[in-house]
Amino acid sequence: RDQLRQVFQASWDKYRQQQPLQGIESLIVTVIQQHPEYQPLFTDPDALHQDYTQQTNPFLHMGMHITLAEQLQADRPNGIRHIYQSLLKRTPDQHQVEHQMLDCLAQTLWEAQSTQRPPDEAAYLAQLQKI
């Protein structure tokens, strides 16, 4: 957990210092830019060690954005990119569309964890198509 959070912090530091970003750092910075309410966390060393049990976990939230971005890039599960593009035609606010999709992703991950099975991609896509 702390290592992952440090990657977020290091990526944001590199961005603020105008250093070149490599690999996933660019995606991390893009997600942080979309969430200005979380940006102060990356200058607060205590934020990296906080449990966030009584509030939204910003690292989990941003991590889910990254997961969705990777799913869209790979079009995995197959067809997710088409669903995303269809949603953007109806609601041009990309961030709002992503949040709607993240609700489905969170539900799918919760069900997988509670049943101790792999995520059900077909059910996930079916949920997305209902948006």
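These figures come from a predicted structure and were not determined experimentally.

Draft legend 1. Molecular detail of the overall build of the protein. Looking only at helices and strands, one finds 6 helices and 0 strands in the protein. Shown N-terminal to C-terminal, the secondary structure of the protein runs as helices and strands in the order α-α-α-α-α-α. In terms of overall dimensions, the protein has a C-alpha envelope of 40 × 35 × 25 Å along the principal axes. Counting all 131 residues of the protein, 35% fall into the buried class. Contacts spanning at least 24 positions in sequence make up 55% of the contacts within the protein whose residues lie at least 6 apart. Taking the 10 positively charged and 15 negatively charged side chains of the protein as two groups, their mean positions are separated by 7 Å.

Draft legend 2. The environment of Met-64, seen in detail. In this structure, Met-64 sits in helix α3 (residues 58-74). As for Met-64 and Ala-106, which are separated by 42 residues in sequence, their C-alpha atoms are 8.1 Å apart. Once you skip the residues sitting within four places of it in the chain, Met-64 turns out to touch Leu-102, Leu-105 and Ala-106.

Draft legend 3. Helix α6 (residues 121-129), seen in detail. Of all the positions in α6, only Tyr-124, Leu-125 and Leu-128 are classed as buried. Along the axis of α6, the buried residues cluster in a sector spanning 95°; they form a single face. When the buried face of α6 is taken as reference, the exposed residues oriented beyond 90 degrees from it are Ala-122 and Gln-129. On its buried face, α6 sits against α3, α4 (80-90) and α5 (94-115). With a side-chain oxygen lying 3.1 Å from the backbone nitrogen of Ala-122, the N-terminal cap of α6 falls on Asp-120.

The rules behind the values
Residues numbered from 1 in each chain as written. Predicted model: local features only at pLDDT ≥ 70, side-chain atom pairs only at ≥ 80, totals over all residues. Heavy atoms only, no water. Helix = DSSP H or I, 4+ residues; strand = E, 2+ residues; numbered from the N terminus. Buried < 20%, exposed > 50% of the residue type's maximum accessible area, 1.4 Å probe, protein only. Contact = heavy atoms within 4.5 Å. Lys, Arg positive; Asp, Glu negative; His and termini not counted. Charge placed at Lys NZ, Arg CZ, Asp CG, Glu CD. Arc of directions from axis to C-beta. Polar contact = N/O pair within 3.5 Å; in protein donor to acceptor, adjacent residues only side chain to side chain.

Everything listed is a geometric property; what it means functionally is a separate question.
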